[in-house]
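As a plain string of letters, each chain reads:
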Amino acid sequence: MSENLRYWLWLQRALGEGACIKPIIDDFCGVEKLYHSNILEWRMSTALTAKQVDKLEQTDISCADEILYTCERNSWTVIDYDDIRYPKRLKEIYNPPCVLYVDGELPDIDSFAAVGIVGTRKASEYAVKVTHIMSRGITECGALVISGGALGVDTAAHKGALMAGGKTVAVLGCGLGSDYLSENKPLRNTIKMQGALVTEFPPFTRAGRSTFPMRNRIISGLSVGVLVVEAGIKSGSLITANFALEQGRDVFAIPASVLSVDFAGTNKLIDDGAIVATKPAQIVNTYAEKFSSIDMTKSRSIEELMYDESDKSANVKKEHDRHSFDNIERIRADRLKKEATAFKLGGDTKIVYGCLNDSFLHIDTIIERTQLSSSKVMAAITQLEIMDLVESASGKRYKLS
């Protein structure tokens, strides 16, 4: 915590998240001098607009104390622009955040080859699989995966990094403590134990239409390169890619099916000069000389990673065939149909569905997580199986279908 933390919180509350604060701080030689300047000095500054001056005048610094109290009570860390822990890489961007709110332990970002992985929430099974494999592969080589904590590609990216035993950072489009995306709460809990949840939005700020584009500049700002997986022509993922280009970061893209017009954004990125990525080594090798944490001897092929993740008795070729471009649209349609069915769930069935994921969980674990009786859990699971949303395995184990 720097001695200027209260001033940075005051400035953020006054000007709002995403404001360009560099020219203002430079003009006043620091945030403390800005705060202690009088209104005449504010109005004479060419770095401040009349509207910003009004906001500075109307914002009391007591708002900072309220935020600090909330963060301390919840064991959340606040890192301001002057703090030694604030990533230097993030300071390079056009409009760095005044402060970062952190739940967990923020890795030393600048010492890592941090790779942002972004893509659609409505990912095909192919995209989920390839994201998981790429994330796991680059993490095994010593890279740090950064994503947005959302469904689809983001979830696969975080899970891949965690499976490799690495840390990962989720940059949120809402404040800490927000109830946004409750179905991903178990994943966020795991991330903060093996990495960090990061946001520039004050505690309990709700997600909105404008919060995600602001969030995206931080994902790319913390990264040395951004990998885009299955994105539409007009999508948040392409916004992140554009931020990355503006910030001088590398942009990688996974080729998508030319028949999938809804997710042609990645192919357009490739047409525009993005680096084609078909294996983890292509990404991490770019940073091997610059970062001592990268160990290319640990690089594995896609085939090795796929075999390691699947049942050892399974035919890996069948897995390849399952995720071929010919099947992507059919699988995507099936996934979207199931998501629509799940959206209509309610009561105990919704609670049970919300605690399940892609890995088999024992019935006792489900009961413990949901805090429901065994009879209610079994009734809900039976209903979910009928709706083809859940599948079972021997030993009373269940996972999402």
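Scroll up to find the structure this text is about.
Residues numbered from 1 in each chain as written. Predicted model: local features only at pLDDT ≥ 70, side-chain atom pairs only at ≥ 80, totals over all residues. Heavy atoms only, no water.

A. Layout of the sheet that holds strand β9 (residues 275–276). An order of β1-β2-β6-β5-β4-β3-β7-β8-β9 is seen for the nine strands of this open sheet, with the pairing classed as mixed. Of all the strands in the sheet, the pair left with one neighbour each is β1 (77–80) and β9. Against the sheet, helix α10 (residues 185–193) touches β2 (99–104), β5 (168–171) and β6 (195–199), its axis set at about 110 degrees to β6. (Pairing = 2+ DSSP bridges. Helix = DSSP H or I, 4+ residues; strand = E, 2+ residues; numbered from the N terminus. Contact = heavy atoms within 4.5 Å. Axes fitted to C-alpha atoms, helices over the stretch in contact; angles between N-to-C directions.)

B. Region of interest: unusual backbone geometry. Positive phi outside glycine occurs at E230, with the angle close to 50 degrees. One can find E230 in the loop between β7 (225–229) and α12 (236–246). Residue classification places E230 among the buried positions, given a relative accessible area of 6%. If you check the backbone angles, Q371 has positive phi at about 60 degrees while not being a glycine. (Buried < 20%, exposed > 50% of the residue type's maximum accessible area, 1.4 Å probe, protein only.)

C. Representation of helix α8 (residues 125–140) within the structure. The first and last C-alpha atoms of α8 sit 23 Å apart over 16 residues, in line with the 22 Å expected at 1.5 Å per residue. α8 sits mainly inside the fold: 16 of its 16 residues count as buried. Positive backbone phi, at 105 degrees, marks G142, one or two positions downstream of α8. (Expected span 1.5 Å × (residues − 1).)

D. Inspection of the layout of surface pockets at higher detail. In this structure, the second largest pocket encloses a volume near 370 Å³. In this structure, the second largest pocket is lined by 20 residues; those nearest its centre are R121, R215, S235, G236 and S237. Within the residue set of the lining of the second largest pocket, elements represented by two or more residues are β3 (114–119), α11 (211–222) and α12. With five residues, α11 is the largest single contributor of residues to the lining of the second largest pocket. Grouping the amino acids of the lining of the second largest pocket by side-chain chemistry returns six nonpolar, nine polar and five charged. (1 Å grid on protein atoms, 1.4 Å probe; cavity = no way out; pocket = protein on both sides within 12 Å on 5 of 7 lines; lining within 4 Å. Points joined across faces, edges and corners; volume = space filled by probe spheres on them. Nonpolar A, V, L, I, M, F, W, Y, C, P; charged D, E, K, R; others polar.)

E. Spatial organisation of the packing of α8 against helix α9 (residues 153–163). It is the contact of α8 with α9, at a shortest axis distance of 7 Å, that shows an interaxial angle of 35 degrees. Our pair here, α8 against α9, has a crossing hand that is right-handed. Residues V128, T131, H132, S135, R136 and T139 of α8 touch α9, and the partners they reach there are V153, A156, A157, K159, G160, A161 and M163. Tallied by class, the residues present in the contact of α8 with α9 amount to six nonpolar, five polar and two charged. (Left-handed = near helix turned anticlockwise from the far one by under 90°.)

F. Up close: the packing of helix α18 (residues 347–355) against helix α19 (residues 363–370). The N-to-C vectors of α18 and α19 enclose an angle of 115 degrees; their axes lie 10 Å apart at closest approach. As judged from the angle between their axes, α18 and α19 are roughly perpendicular. Crossing geometry of α18 relative to α19 is assigned as right-handed. Mapping the contact onto sequence places I351, V352 and C355 in α18 and I366, R369 and T370 in α19. Of the residues contributing to the contact of α18 with α19, the split by class is four nonpolar, one polar and one charged. (Parallel < 35°, antiparallel > 145°, perpendicular 65-115°, else oblique.)

G. Spatial organisation of the pattern of salt bridges. Scanning all chains against the criterion turns up ten salt bridges. Its salt-bridge partner being E17, residue R13 comes within 3.5 Å of it at the nearest N-O pair. On the basis of relative accessibility, which here comes to 39%, the residue R13 falls in the partly exposed class. Put simply, E200 and R217 hold a salt bridge, and the shortest N to O gap is 2.6 Å. One end of the pair, E200, is in the loop between β6 and α11; the other, R217, is in helix α11, with 17 residues separating them in the sequence. For R217, a relative accessible area of 1% puts it in the buried group. (Salt bridge = Lys/Arg side-chain N within 4 Å of Asp/Glu carboxyl O.)

H. Inspection of empty space enclosed by the protein at higher detail. Overall, the coordinates contain two cavities of 30 Å³ or more when judged by the stated rule. By volume, the largest cavity is sized at about 50 Å³. Lining the largest cavity we find ten residues, and of these Y126, E230, I254, P255 and A256 sit closest to its centre. A per-element tally of the lining of the largest cavity places α8 first, with three residues. For the second largest cavity, the full set of lining residues is Q12, G16, E17, G18, A19, I21, P96, P97, C98, E200 and R217.

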